[in-house]
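Chain by chain, the residues run as shown.
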Amino acid sequence: MTIESVESSGVTFLKVTNSVGLALTLSDFGAGIYEIRYLGVPMTIAQKDKAEWLHSDAYFGKTVGRIAGRIKEGKLDYLGKTYSLSVNEGVNTLHGGVEGFSFKMFKMDVVHLGDGIAVDYYLVSKALEMGFPGEVDLRVRYLIKENEPVFRIVYDAKSSEQTPLNFTSHTYFNLGGEDTVERQILYIDANETETYDSAMIPLGFAPAPKCLDFTTPKAVGKDINDPYLQNARTLGYDHCFAFRSNKSSFPVLTLENGSFKLSLRTSLPAVQIYSDNYPRMGALLTNGQKEKQHSGLAIEPVYKPNDFHAMTCMPYEGKRNFIEYTFSKKGE
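Residues numbered from 1 in each chain as written. Predicted model: local features only at pLDDT ≥ 70, side-chain atom pairs only at ≥ 80, totals over all residues. Heavy atoms only, no water.

### Section: the pattern of salt bridges
Overall, the coordinates contain 21 salt bridges when judged by the stated rule. The partner of Arg139 in a salt bridge is Asp156, with the nearest N and O atoms 3.0 Å apart. You can see Arg139 sitting in strand 14 (residues 136–145) and its partner Asp156 sitting in strand 15 (residues 150–159), a full 17 residues away along the chain. Residue class for Asp156 comes out buried when judged on its relative accessible area of 17%. Salt bridges sharing common partners tie together Asp57, Asp276, Arg280 and Glu291. (Salt bridge = Lys/Arg side-chain N within 4 Å of Asp/Glu carboxyl O. Helix = DSSP H or I, 4+ residues; strand = E, 2+ residues; numbered from the N terminus. Buried < 20%, exposed > 50% of the residue type's maximum accessible area, 1.4 Å probe, protein only.)

Set out below in structure tokens:
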């Protein structure tokens with residue numbers, strides 16, 4: 001295992017490379033993933049310019065919180081109270097508000113383990129920060145194994161009072177540095193998807209229409225121009241899928257091309273898929289391409305939107321979830 005540290009704009013970018021060629025570059029700003037490479041080949045996209053990446057409203061690779069997704073009119077109705085949240089997408093709250101966790105500086109620690117290392121990021125979010133109830137103490141742990149192309153993100157949180165929490169990683173995948181992800185093959189073990197109003201506010205789950213059915217693996221771009229997906233807020237995928245299986249025991253999502261495959265396991269019950277519908281056209285990316293529509297696929301395991309009961313963290317009991325990513329090269 002090798003560890004390299006680079007400082008840029010007051011932020012520490014830590015590159016961890018294991019013995020089988022999996023390399024993660026992590027950031028203490030946003031407890032984020034700046035880049036993933038496997039066998040020297042890019043698996044993700046982000047803005048190459050680190051200064052631009054830090055404050056990008058595309059959330060490239062960052063930890064999202066306190067609550068991933070949109071909350072209508074910035075009003076959180078919870079346990080008989082209404083909390084006024086920070087609004088940052090018109091009148092709505094997106095991904096925790098103006099200063100959500102993606103834009104916070106975390107404290108960092110590196111722990112050497114028997115079979116790899118853990119890179120830990122710590123943050124204390126004060127009560128009513130961005131309007132959310134309760135003080136939250138969060139650790140985001142990246143576990144990288146020494147001899148396997150596998151890493152896991154573990155979210156450990158404690159709160160001073162009952163509060164909803166829904167953290168995720170907003171990493172955009174594109175295996176092999178292709179110009180878009182449209183030809184890559186996606187499988188999702190989900191036959192229900194969220195429905196939305198015209199502002200993409202969640203309305204509830206329904207059986208997945210054909211264009212959102214990935215229970216049989218298909219190319220990301222096969223149905224991406226379906227009229228169901230072409231409204232003023234999407235122009236592609238920006239949908240939550242509810243897993244139908246025991247998600248923690250086997251992959252519930254895979255993405256692959258002719259050379260590489262990503263398999264994902266998680267303790268979370270759903271996944272938000274976003275197909276980079278509103279790119280920063282022409283921006284240079286970490287994979288050497290210039291950003292265009294559908295340059296990457298954000299894969300964000302989450303709780304179901306508005307399921308605040310499932311999101312609840314009880315005082316001092318703690319709440320834990322994980323996301324695990326496994327990479328493989330075909331023909332090996």
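### A few points about the sheet that holds strand 1 (residues 2–8)
Pairing is antiparallel in the open sheet, where 5 strands are placed in the order 1-2-3-4-5. Edge positions in the sheet fall to strand 1 and strand 5 (41–42), since each of these pairs with one other strand and no more. (Pairing = 2+ DSSP bridges.)

### Structural notes on the sheet that holds strand 18 (residues 172–173)
Spatially, 7 strands are ordered 6-18-27-26-23-20-21 in an open sheet, and the strand pairing comes out antiparallel. Both outer strands of the open sheet, strand 6 (44–45) and strand 21 (202–207), are each paired with one neighbouring strand and no more. The pairing of strand 23 (residues 238–243) with strand 26 (residues 270–274) spans 5 bridges and is classified as antiparallel. By the bridge assignment, Phe241 is partnered in strand 26 with Val271.

### A closer look at unusual backbone geometry
A negative phi angle characterises most non-glycine residues, just as the trans form characterises most peptide bonds. With an omega of 5°, the peptide bond running from Gly65 to Arg66 counts as cis. Assignment of secondary structure puts Arg66 in the loop between strand 7 (63–64) and strand 8 (70–71). Positioned with a positive phi, Asp276 is a non-glycine residue whose angle comes to about 50°. Along the chain, the position of Asp276 falls in the loop between strand 26 and strand 27 (297–302). Owing to a relative accessible area of 0%, Asp276 belongs among the buried residues under this scheme.

### Remarks on the nonpolar core
Membership of the largest hydrophobic core comes to 68 residues, with the highest contact counts inside it found for Tyr142, Phe151, Ile188 and Phe327. If one sorts the elements of this core by residue count, strand 14 sits on top with 5 residues. Beyond its immediate stretch of four places on either side in the chain, Ile188 contacts Phe214, Thr215, Phe241, Phe243, Val252, Leu253, Val271 and Ile273. (Core = buried A, V, L, I, M, F, W, Y, C linked by side-chain atoms within 4.5 Å. Contact = heavy atoms within 4.5 Å.)

### As for the packing of aromatic side chains
If you walk through the whole model with that rule in mind, you get 15 aromatic pairs. With a centroid separation of 6.4 Å and an interplanar angle of 35°, the aromatic rings of Tyr38 and Phe327 are classed as tilted. Here the residue Tyr38 occupies a position in strand 4 (residues 32–38), and Phe327 occupies one in strand 29 (residues 319–329), the gap between them amounting to 289 residues. Residue Phe327 is classed as buried on the basis of its relative accessible area of 1%. Residues Phe214 and Tyr237 carry aromatic rings whose centres are separated by 5.6 Å and whose planes lie at 75° to one another, so their mutual orientation is edge-to-face. With Phe214 in the loop between strand 21 and strand 22 (218–219) and Tyr237 in the loop between strand 22 and strand 23, this residue pair connects regions lying 23 residues apart in the sequence. The exposure class assigned to Phe214 is buried, which follows from its relative accessible area of 1%. Taken together through their ring pairs, the aromatic side chains of Phe13, Tyr34 and Trp53 make up a single cluster. In this arrangement the basic side chain of Lys62 is found over the ring face of Trp53, its NZ or CZ atom lying 4.3 Å from the centre. One cation-aromatic arrangement involves Lys218 over Phe214; the distance from NZ or CZ to the ring centre is 4.7 Å. (Phe/Tyr/Trp six-rings, centres within 6.5 Å; stacked < 30°, edge-to-face > 60°. Lys NZ or Arg CZ within 6 Å of the ring centre and 35° of its normal.)

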